[in-house]
Amino acid sequence: MSDRADAKTVIDINHVATRFGEHVVHTDVNLQVQQGEIFALVGGSGSGKSTLLREMIMLQQPDSGSIKILGADLQSLDEEQAKALRLRIGVMFQHGGLFGSLDVRENIGLPLREHTALDDALIDEIAAWKLVLAGLAPETATQYPPELSGGMLKRASLARSLALDPELLFLDEPTAGLDPASANGVDELVLKLRELFGLTIVMITHDLDLLWHVADRVAVLGEGKVQGIGSMAELSKMTHPTIRQFFDGPRGRAAAYISDKQSKEQTWKQK
Amino acid sequence: MKPLPRASAAIVQPTPNELALSGQWTALGIGTLDHQLNTLTVSPKAANTDVIVDGSSVEGIDTVGVWLLQKFQQRLHNEGHRVQLRGWNPRFSKLLALVNESPAAPTQLSPPSTAFEKIGLDAKAIGEQMTGLLSFLGETAVALVSSIAHPTRLRWRPILHNIRSAGFDALPIIGLLSFLIGVVIAYQAADQLRQYGANIFVADLVGLSMLREFAPLMTAIIVAGRSGSAYAAQIGTMSVTEEIDAMRTLGIPPIEMLVLPKIIALIIVLPLLTFFSDVLGVFGGMLMARTELGVGFEEFIDRFDKAVSVTAYLIGIGKAPVFAGIIAIVGCFQGFRTQGGADSVGRQTTTSVVQAIFLVIVADALFSVLFSLVHL
């Protein structure tokens with residue numbers, strides 16, 4: 001925590017290029033994420049947002065360019081440093097990535113058991129608490145991942161990614177496949193986490209509600225580059241076709257309309 | 001794994017009712033400090049005193065630290081002390097308040113089950129599995145009878161595919177292993193027979209043991225390991241990925257589609273494989289008889305013809321369809337029992353192989369008893 005104050009830019013991506021054989025994913029990606037921000041990465045399928053995420057969480061290496069996470073250049077890390085960095089990062093995978101052979105509490109406690117010298121009993125207590133923080137019922141603790149519904153699975157996965165109190169949290173499609181009520185719950189949860197822990201959150205999402213209400217800044221990926229970056233209100237004024245698709249069309253307009261209405265209501269109340 | 005080095009958390013007690021905390025009160029920094037916290041006593045004689053918890057030199061705290069602190073406060077409170085927090089950095093205040101806001105789940109852990117309870121649960125599980133297997137057998141039998149009544153409904157393509165994958169593709173491994181078994185039997189027997197000058201009886205030994213027992217049993221065990229496991233893994237994975245459910249909703253009975261072709265194919269193929277094993281096994285024995293005992297091929301075949309009756313051959317081949325049924329049914333049944341994820345697929349696959357081999361050997365033993373009763 002002490003080194004938080006001096007490192008304001010949490011993620012710094014410079015001239016990243018990636019290709020798979022002939023297929024070019026990124027030509028020149030540049031973006032910065034500031035500390036305490038909720039940052040969203042959007043783009044059509046095949047625009048390379050998942051690849052960029054995988055590069056940021058050290059599952060893949062870009063062909064050229066540099067990525068700095070929490071001040072550390074990913075290219076020049078040795079094993080030990082990479083491990084230390086991984087402990088400061090939490091990742092929630094799209095399909096949860098929970099271990100099927102462990103129950104929910106063991107899943108959440110696993111990072112603590114692996115990396116700390118804490119007592120088993122204490123780890124169980126903390127895991128149960130994290131479960132409640134993530135909005136799950138206490139009874140879920142002893143259930144196994146296949147028994148959980150989609151929304152519960154995401155929350156359990158989130159609880160596990162928070163096990164070591166990371167400074168930076170990556171969410172891959174946090175609301176995909178959820179009913180509207182659960183998706184709203186995730187919206188609130190993300191905001192609450194930022195408020196409580198001062199987390200920096202980077203998420204990949206297509207959920208327009210999440211983009212309008214939760215994200216501080218949004219980067220639109222397309223044609224191997226960042227086509228636009230800014231708040232949703234700023235992006236809505238841009239004209240690039242890749243960006244327009246998020247605003248034109250019935251879904252885009254509906255989400256923008258609701259957001260607009262809510263902000264007007266808020267200003268009226270303030271008056 | 002070794003915790004990473006950090007400015008670890010520490011606690012000192014300058015006066016009996018004052019505690020000074022310092023360092024990183026985080027998951028990685030706390031180490032084994034919780035033992036110290038649990039045993040720490042604060043001026044035990046004077047209850048109702050204020051205990052000051054000074055956090056001015058705490059560098060960082062996370063949920064684990066907050067949790068420990070809260071537990072400690074709770075304990076002091078229960079002992080009749082009042083706790084005051086002093087000197088805490090305001091940036092920790094939200095976290096410190098968090099524990100009170102959303103109290104943890106009462107960790108109602110089910111008590112570890114007793115040995116007695118475990119025996120009961122195991123017995124129940126075995127019972128369930130038995131009835132499950134029985135009802136699966138029933139379902140399959142009904143499906144089999146109805147598709148024999150309407151042979152046009154039989155799915156020949158998967159049957160042929162299974163004949164190829166379980167039968168033809170298994171020829172090399174079964175051939176090689178049977179040949180080696182034949183060699184080993186003849187080789188082991190050679191010493192004993194030579195002592196009595198009964199070299200020629202190697203044909204009896206190899207012929208009878210191979211045809212009656214080794215060939216059917218070995219073939220069944222290899223096929224259980226090769227194909228039984230594949231059946232369980234295939235059906236298990238399909239049920240995990242909801243393919244079985246999809247099949248049902250499309251009006252395709254999974255048993256007809258997945259189970260019958262496998263059973264029919266294996267019942268056709270296993271006797272053929274057993275015959276192949278017979279031939280290769282006897283050939284191995286023959287080769288060994290010539291090099292070790294000087295029994296030529298012609299002599300061997302001559303004696304083989306006299307010593308080994310057609311009944312012995314038919315008994316061996318006759319067991320094969322029964323073994324085939326066991327292997328296919330157990331493999332498919334365990335596949336359908338798969339629930340949950342990847343882990344379960346692995347477990348059911350293992351179970352299918354173990355159970356199939358177990359049941360094959362039990363069936364073989366029963367056959368022996370049966371045949372000895374009818375003097376075969």
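Scroll up for the structure.
The following refers to the structure shown. Everything numeric in this text was worked out from a predicted model, so none of it was measured.

### What to know about the overall build of chain A
Counting secondary structure elements, chain A contains 10 helices and 10 strands. Against the globule reference of 18 Å for 271 residues, chain A gives a C-alpha radius of gyration of 19 Å, in line with a compact fold. Along the longest, intermediate and shortest principal axes, the C-alpha atoms of chain A span 55 × 50 × 35 Å. In chain A, which comprises 271 residues, the share counted as buried stands at 42%. By sequence separation, contacts in chain A at least 24 residues apart represent 63% of the contacts at least 6 residues apart.

### Comments concerning the overall build of chain B
Looking only at helices and strands, chain B features 13 helices and 4 strands. Radius of gyration (C-alpha) of chain B: 35 Å, far over the 21 Å computed for a compact globule of 376 residues. Counting only C-alpha atoms and orienting by the principal axes, one finds that chain B spans roughly 105 × 60 × 35 Å. Across the 376 residues that make up chain B, the buried fraction comes to 35%.

### Here's the deal with the sheet that holds strand β2 (residues 18–25) of chain B
All names here are of chain B. One open sheet holds the 4 strands; their spatial order is β1-β2-β3-β4, and the pairing between them is mixed. Because the sheet does not close on itself, it has two edges, and the strands there are β1 (10–12) and β4 (82–86). Within this sheet the neighbouring strands show an average axis-to-axis angle of 20 degrees, counted without direction. Bridge analysis of β1 against β2 gives 3 bridges, and the strand direction is antiparallel. Along β2, the bridge assignment pairs valine 12 with alanine 20.

### So, the packing of helix α12 (residues 310–336) of chain B against helix α13 (residues 342–373) of chain B
Residues and elements named next belong to chain B. Running from amino to carboxyl end, α12 crosses α13 at an angle of 150 degrees, the nearest separation of the two axes being 9 Å. Comparing their axes, α13 and α12 come out roughly antiparallel. Considering how the two elements wind past one another, α12 and α13 form a crossing that is right-handed. Between α12 and α13, the contacting residues are Ile315, Lys319, Val322, Phe323, Ile326, Ile327, Val330, Gly331, Gln334 and Gly335 on the first element and Gln348, Thr351, Ser352, Gln355, Ala356, Leu359, Val360, Ala363, Asp364, Phe367 and Phe371 on the second. Class assignment of the residues belonging to the contact of α12 with α13 gives a composition of 12 nonpolar, 7 polar and 2 charged.

### Concerning the interface of chain B and chain A
Where interface size is quoted, it is often the accessible area lost as the parts come together. Each partner contributes residues to the interface: chain B has 29 residues there, and chain A has 30 residues. Only α1 (27–30), β3 (50–61), α3 (63–78), α4 (93–101) and α13 of chain B provide two or more residues apiece to the side of chain B that touches chain A. Looking at the side of chain B that touches chain A, its residues break down into 14 nonpolar, 10 polar and 5 charged.

### Focus on the nonpolar core
A:Leu131, A:Ala159, A:Phe170, A:Ile201, A:Leu211, A:Ala215 and A:Val218 are the most contacted members of the largest nonpolar core, which totals 94 residues. Ranked by the residues each element gives to this core, the list is headed by helix α4 (residues 120–133) of chain A, at 8 residues. Those residues within four positions of A:Ala215 in sequence are excluded, and the remaining contacts are A:Ile38, A:Phe39, A:Ala40, A:Leu210 and A:Met232. B:Leu217, B:Ile235, B:Met238 and B:Leu273 belong to the second-largest nonpolar core, a separate cluster that totals 60 residues.

### Side note on the pairing of β3(B)
All names here are of chain B. The sheet contact formed by β2 and β3 spans 7 bridges and is parallel. Looking at the pairing, serine 22 lines up with serine 57 of β3. Where β3 lies against β4, 5 bridges are found, and the strand directions are parallel. The residue bridging aspartate 50 from the neighbouring strand is arginine 82, located in β4.

### Topic: the packing of helix α5 (residues 115–149) of chain B against helix α10 (residues 254–293) of chain B
Residues and elements named next belong to chain B. Where α5 contacts α10, the axes come no closer than 10 Å and their chain directions differ by 85 degrees. Compared by their axis directions, α5 and α10 come out roughly perpendicular. Facing Glu139, Thr140, Ala143, Leu144 and Ser147 of α5, the residues of α10 in contact are Ile255, Glu256, Val259, Leu260 and Ile263. When its residues are assigned to classes, the contact of α5 with α10 shows 6 nonpolar, 2 polar and 2 charged.

### Re helix α7 (residues 171–196) of chain B
Residue and element names in this part refer to chain B. The end-to-end C-alpha distance of α7, which contains 26 residues, comes to 37 Å, matching closely the 38 Å that a straight helix rising 1.5 Å per residue would cover. Against the buried residues of α7 lie α8 (202–240) and α10. Positive backbone phi, approximately 65 degrees, marks glycine 197, located one or two places after α7.

Each value, and the rule that gives it
- Residues numbered from 1 in each chain as written.
- Chains lettered and ligands numbered in written order.
- Predicted model: local features only at pLDDT ≥ 70, side-chain atom pairs only at ≥ 80, totals over all residues.
- Helix = DSSP H or I, 4+ residues; strand = E, 2+ residues; numbered from the N terminus.
- Rg over C-alpha atoms; globule rule 2.2 N^0.38 Å.
- Buried ≥ 20, exposed ≤ 12 C-beta atoms within 10 Å, placed from the backbone.
- Contact = placed C-beta atoms within 7 Å.
- Pairing = 2+ DSSP bridges.
- Axes fitted to C-alpha atoms, helices over the stretch in contact; angles between N-to-C directions.
- Parallel < 35°, antiparallel > 145°, perpendicular 65-115°, else oblique.
- Left-handed = near helix turned anticlockwise from the far one by under 90°.
- Nonpolar A, V, L, I, M, F, W, Y, C, P; charged D, E, K, R; others polar.
- Core = buried A, V, L, I, M, F, W, Y, C linked by C-beta atoms within 7 Å.
- Expected span 1.5 Å × (residues − 1).

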